[in-house]
Amino acid sequence: METEFPEVEVRKKRVKRFYLRIDRQGHISLTVPVRTSEETIRKILAEKADWIRVHYAKVCARAPEEHTFASGETVYLFGEPLTLRVSVGQGKARAERSGGELVLTLPAAKAEETAAREKLVRGVYADAMRERVAERLPLWESRVGRQAAAIQYRWMKSRWGSCSPTSAHIRLNLQLAWYPSACLDLVIVHELTHLWVSGHGKAFWERVERVYPAWREVKAARRAFPACPL
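Residues numbered from 1 in each chain as written. Predicted model: local features only at pLDDT ≥ 70, side-chain atom pairs only at ≥ 80, totals over all residues. Heavy atoms only, no water.

Caption draft 1: Structural context of the overall build of the protein. Within the protein one finds seven helices and ten strands. Projected onto its principal axes, the C-alpha coordinates of the protein cover approximately 60 × 50 × 30 Å. Taking all 230 residues of the protein together, 39% fall into the buried category. Surface summary for the protein: the accessible area is close to 13300 Å², and the carbon and sulfur share equals 50%. One way to put it: in the protein the 39 positive side-chain charges average out to a point 8 Å from where the 27 negative ones average out. (Helix = DSSP H or I, 4+ residues; strand = E, 2+ residues; numbered from the N terminus. Buried < 20%, exposed > 50% of the residue type's maximum accessible area, 1.4 Å probe, protein only. Areas by Shrake-Rupley, 256 points an atom, 1.4 Å probe, with all protein chains shown as cover. Lys, Arg positive; Asp, Glu negative; His and termini not counted. Charge placed at Lys NZ, Arg CZ, Asp CG, Glu CD.)

Caption draft 2: Main features of unusual backbone geometry. Phi at phenylalanine 69 is positive, roughly 60°, even though this residue is not glycine. Following the sequence through the fold, phenylalanine 69 ends up in the loop between helix 2 (49-61) and strand 4 (74-77). Residue classification places phenylalanine 69 among the buried residues on the basis of a relative accessible area of 2%. Phi is positive for alanine 168, which is not a glycine, with a value near 65°. Counting through the fold element by element, alanine 168 comes out in the loop between strand 9 (161-164) and strand 10 (169-173).

Caption draft 3: Spotlight on the pairing of strand 2 (residues 19-22). Across the two faces of strand 2 the burial differs, with Leu20 and Ile22 buried and Tyr19 and Arg21 not buried at all. Strand direction decides the pairing type here: strand 2 and strand 3 (residues 28-33), joined by four bridges, are antiparallel. When the sheet's bridge partners are listed, tyrosine 19 is paired in strand 3 with threonine 31. (Pairing = 2+ DSSP bridges.)

Caption draft 4: Looking closely at the sheet that holds strand 1 (residues 9-13). A sheet is described by the order of its strands in space; here three strands give the open sequence 1-3-2, paired in mixed fashion. Edge positions in the sheet fall to strand 1 and strand 2, since each of these pairs with one other strand and no more. Across the sheet, the mean angle separating the axes of adjacent strands is 20° when strand polarity is ignored. Lying over the sheet, helix 1 (residues 38-47) contacts strand 1 and strand 3, oriented at roughly 135° with respect to strand 3. (Axes fitted to C-alpha atoms, helices over the stretch in contact; angles between N-to-C directions. Contact = heavy atoms within 4.5 Å.)

Caption draft 5: Here's a closer look at the nonpolar core. Among the nonpolar cores identified, the biggest contains 53 residues, and Val75, Tyr125, Met129, Leu172, Trp178, Leu184 and Leu192 are the most heavily contacted of them. Elements that contribute at least two residues to this core include exactly strand 4, strand 5 (80-88), strand 7 (101-106), helix 4 (114-144), strand 10, helix 5 (181-193), helix 6 (202-211) and helix 7 (215-224). A total of twelve residues in this core trace back to one element, the largest contributor, which is helix 4. If near-sequence neighbours (up to four positions away) are discounted, valine 75 is found in contact with His67, Phe69, Glu80, Pro81, Leu82, Leu84, Leu102, Tyr125 and Trp178. (Core = buried A, V, L, I, M, F, W, Y, C linked by side-chain atoms within 4.5 Å.)

Caption draft 6: Main features of the side chain of arginine 222. By the element assignment, arginine 222 lies in helix 7. One buried charged side chain, arginine 222, makes no salt bridge at all; its nearest oppositely charged neighbour is glutamate 191, positioned 8.7 Å away. Not counting residues up to four positions away in its chain, the partners in contact with arginine 222 are Trp160, Tyr179, Cys183 and Val187. (Salt bridge = Lys/Arg side-chain N within 4 Å of Asp/Glu carboxyl O.)

Caption draft 7: How the structure looks around the packing of aromatic side chains. Scanning the model with the defined rule gives eight aromatic pairs in all. Arranged with centres 5.4 Å apart and planes meeting at 40°, the rings of tryptophan 140 and tyrosine 212 form a pair that is tilted. In this pair, tryptophan 140 sits in helix 4 while tyrosine 212 sits in the loop between helix 6 and helix 7, placing the two residues 72 residues apart along the sequence. Owing to a relative accessible area of 4%, tryptophan 140 belongs among the buried residues under this scheme. Since its relative accessible area comes to 10%, tyrosine 212 is described here as buried. Clustering of aromatic rings is evident, with ring pairs tying together Tyr76, Tyr125, Trp160, Trp178, Tyr179 and Phe225. Just above the ring of tryptophan 155 sits the side chain of arginine 122; from NZ or CZ to the centre is 4.5 Å. Directly above the ring of tryptophan 140 sits arginine 143, whose terminal nitrogen or CZ lies 5.1 Å from the centroid. (Phe/Tyr/Trp six-rings, centres within 6.5 Å; stacked < 30°, edge-to-face > 60°. Lys NZ or Arg CZ within 6 Å of the ring centre and 35° of its normal.)

Caption draft 8: The arrangement of the sheet that holds strand 9 in detail. Ordered in space as 8-10-9, the three strands form an open sheet in which the pairing is mixed. The open sheet is flanked by strand 8 (150-154) and strand 9, the only strands paired with a single partner. Pairs of neighbouring strands in the sheet enclose a mean axial angle of 20°, with direction left out of account. Relative to strand 10, strand 9 runs antiparallel, the two sharing four bridges. Note on strand 10: the bridge partner recorded for serine 162 is arginine 171. Across the sheet, helix 4 touches strand 8 and strand 10, and the angle it forms with strand 8 is around 150°.

Structural measurements only, silent on function.
Spelled out as structure tokens, the structure:
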């Protein structure tokens, strides 16, 4: 039986070619040039239907487990498993590492709210990312031979990172703080390499290969790792 997939969101933008994406939540989008006809859009979707089915099934198979960020759940910080413990306390809500635990302390009125617990966890990841990037970025800038003018952090659904070559601004997905550190290193190398080569052609991957020969293994390890629920 063929794998079904949800409706594809079509976006018309000022682009030169079409882009078909499936994000990690299973949302499917097709971006096409502004003047693209409805007939052409239907033709693209018909031609890509098998590709969509295969990749949508893979995304569903890797879907993250449902998290409520309650006591006893496991989260990962740069690949290290931590057990969540929710505690009721006075004062400002806070999150702290304690051995193999991540302790979330909240006022009694907030301790039962999933959103409040998740907000604390997200803060931990944002702080950890900024700290780790500050440590790792200079190393990879020296090896790639290019420097970022600015680093921005986002929670992103469909990209691990992005780069604006003209401004040398790099954006990193905060979800990377969930995965082993090598995954962050690879994304940093990837985006810095775009300051040499804009596309993903042979020249681009040759540069990545010279700086980070194990990139294929790291990508495979990231796919096999438990999916980030944030």
